[in-house]
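Take a look at the letters that make up each chain.
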Amino acid sequence: MRSNGTTFHVNRRSHRCRPVHLQQAVRFHFVRSVRPSVQGGVLPLNKPKQNVSGQPPFQTAGDDVSDGVCVRFVTVEHSSRWTVSVSGQTSTLPGCALQIRASLAQIVCPVLSSVRCSIGTFDPFGNLHIHLYHRMAEQAKKEMKHILELSKAERRLFLHSFDTLMSDCDGVLWNFTGPIPGVDKALQLLRTDGKKLAFISNNGMRTMEEYQKKFHSLGIDALEEEIVHPALTTVHYLKSIRMRDAVYCIGTEVFKDYLRKAGFKVLDGPKERFPDSREANQVRVYSDYFEQHGPKVGAVVIDIDVNLSLQHLMKAKCYLERDPNCVFIAGATDYIIPLDSSMDVIGPGYFIDILERSTGRKALILGKPGKALAQVVLEQFQITEPKRVLFVGDMMPQDMGFGTECGFQKLLMLSGGTPKDALLAQTEPNQLPNYYADSFADFIELYNETMHVEE
């Protein structure tokens, strides 16, 4: 039996999974990691309500399992409920019962985040390998510290543990109302200490010149090569694959201008509104979108667009479905864009999800926390020792997730989109920081006390 690429995600909401029959037996290999409490090694996966040799009967969740497969894990410490989601459809089962309805990529036991099973692909022998992680999130939270709560020795070690500091911009260096207090002096202290500075933003609404002007106001003269701009990353990628066809772009004019300046033919819109004729079958106005018109589109790019509409999404959907070779690229993946502590804006993440689910295509993420961007950053800055880099950001999925992807040390700033209670409630280990701080101003106190001790 081979994996069909279906992915299970954590989701505590209760919906039913789509039934997918499994006809063959699959063996589960339990691999110890970080002290899991699991007994047994191989569990045959058979039809529902059959026994595993030498094990108790399968547990079921009512008659609903008759069109799926149910398996009981032998012993998993602290487990009392499994939540499994397939393509956004979730099923919750009691006890150690786990209903399996498709080939798995991930299973999570949400109780105290005590056990996580990351399931890889099927091997040539039809075995599905499961790695169990015990209390990873809780352990990560115990180890993370506020930088001002470090001991004197720990503060010195922390400041000496990185040579490069890479930082997000919005919510970390400035917010909707202006620069965050203390950022200018903190950055100057870091640069005086010999730290190399670089800045990585998901915000493609500013030009590179506007970024440099904002850095200059903070007393930092940032070179263009020290700033990672999502539009320029997209240009770099399209050039690397020698894109010759037109690019349909859902994004700001700033973003589209960078594509045009690089020589790409950019399509956008439509800008006109459909008339509301009150007809019951009004959606037929989109029928023309399914026909080939104009130049061939070789890439669909989606980023922040304050004028995005259903028309734009339908255009993108039709381009992606018309040509399986059409490249699907996403810039910013944020679901929420904080303006300040009391205001936030819906981000492009939800619209990326709509296109992925409606087309069955996965976007290549060229913004944080994408793997493709991680490769670009590691190459652009010639990073050979990722652990000697400290990544600073204010969002856990985008910034801390990106830091994990790159293998960097991670520092979460509470000055932007993540309050402390949200940090403490996080159950995804890869999105947790190693350290956190109230703002960049904490570096001023950190340096002042460290320098005083050394004197």
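Residues numbered from 1 in each chain as written. Predicted model: local features only at pLDDT ≥ 70, side-chain atom pairs only at ≥ 80, totals over all residues. Heavy atoms only, no water.

Trainee: How do you make sense of the packing of aromatic side chains when you look at a structure like this?
Mentor: In the structure shown here, the tally under the stated rule is 10 aromatic pairs. Here Phe199 and Phe215 contribute two aromatic rings whose centre-to-centre distance is 4.2 Å and whose plane-to-plane angle is 35 degrees, an arrangement assigned as tilted. Of the two residues, Phe199 is situated in strand β15 (residues 196–200) and Phe215 in helix α4 (residues 208–217); the sequence distance between them amounts to 16 residues. Considered together, Phe199 and Phe215 belong to a single accessibility category, that of buried residues. An angle of 50 degrees between the planes, with centres 5.2 Å apart, marks the rings of Tyr248 and Tyr319 as tilted. (Phe/Tyr/Trp six-rings, centres within 6.5 Å; stacked < 30°, edge-to-face > 60°. Helix = DSSP H or I, 4+ residues; strand = E, 2+ residues; numbered from the N terminus. Buried < 20%, exposed > 50% of the residue type's maximum accessible area, 1.4 Å probe, protein only.)

Trainee: What is the right way to look at the sheet that holds strand β16 (residues 227–228) in this model?
Mentor: What holds strands together in a sheet is hydrogen bonding between their backbones, with the strands either parallel or antiparallel. On the basis of which strands lie adjacent, the open sheet formed by 7 strands has the order β11-β26-β25-β24-β12-β15-β16 and parallel pairing. The outermost strands of the open sheet, each flanked by one partner alone, are β11 (145–146) and β16. Sheet topology places strand β24 (residues 389–393) next to strand β25 (residues 409–413); 4 bridges connect them, and they run parallel. Residue pairing across strands places Leu390 opposite Gln409, the latter belonging to β25. (Pairing = 2+ DSSP bridges.)

Trainee: Would you take a moment to explain the sheet that holds strand β19 (residues 297–302) for this structure?
Mentor: Taken in spatial order, the 5 strands of this open sheet run β18-β17-β19-β20-β23, and their pairing is parallel. Each edge of the open sheet is held by one strand with a lone partner, namely β18 (266–267) and β23 (364–365). For strand β17 (residues 246–250) and β19, the ladder comprises 5 bridges, and the chain directions are parallel. Pairing of Ala246 across the sheet is with Val297, part of β19. This element, helix α8 (residues 349–359), spans β19 and β20 (327–330) of the sheet and lies at about 160 degrees to β20. (Contact = heavy atoms within 4.5 Å. Axes fitted to C-alpha atoms, helices over the stretch in contact; angles between N-to-C directions.)

Trainee: Explanation requested: the side chain of Ser161 in the structure shown.
Mentor: Tracing the chain through its elements places Ser161 in the loop between α2 (152–160) and β12 (164–167). Its relative accessible area of 16% is what places Ser161 among the buried residues. In terms of polar contacts, Ser161 uses its side chain to reach the backbone carbonyl oxygen of Phe158, at 2.6 Å. In this structure Ser161 touches Lys387, Arg388 and Gln409, once residues within four positions along its chain are discounted. (Polar contact = N/O pair within 3.5 Å; in protein donor to acceptor, adjacent residues only side chain to side chain.)

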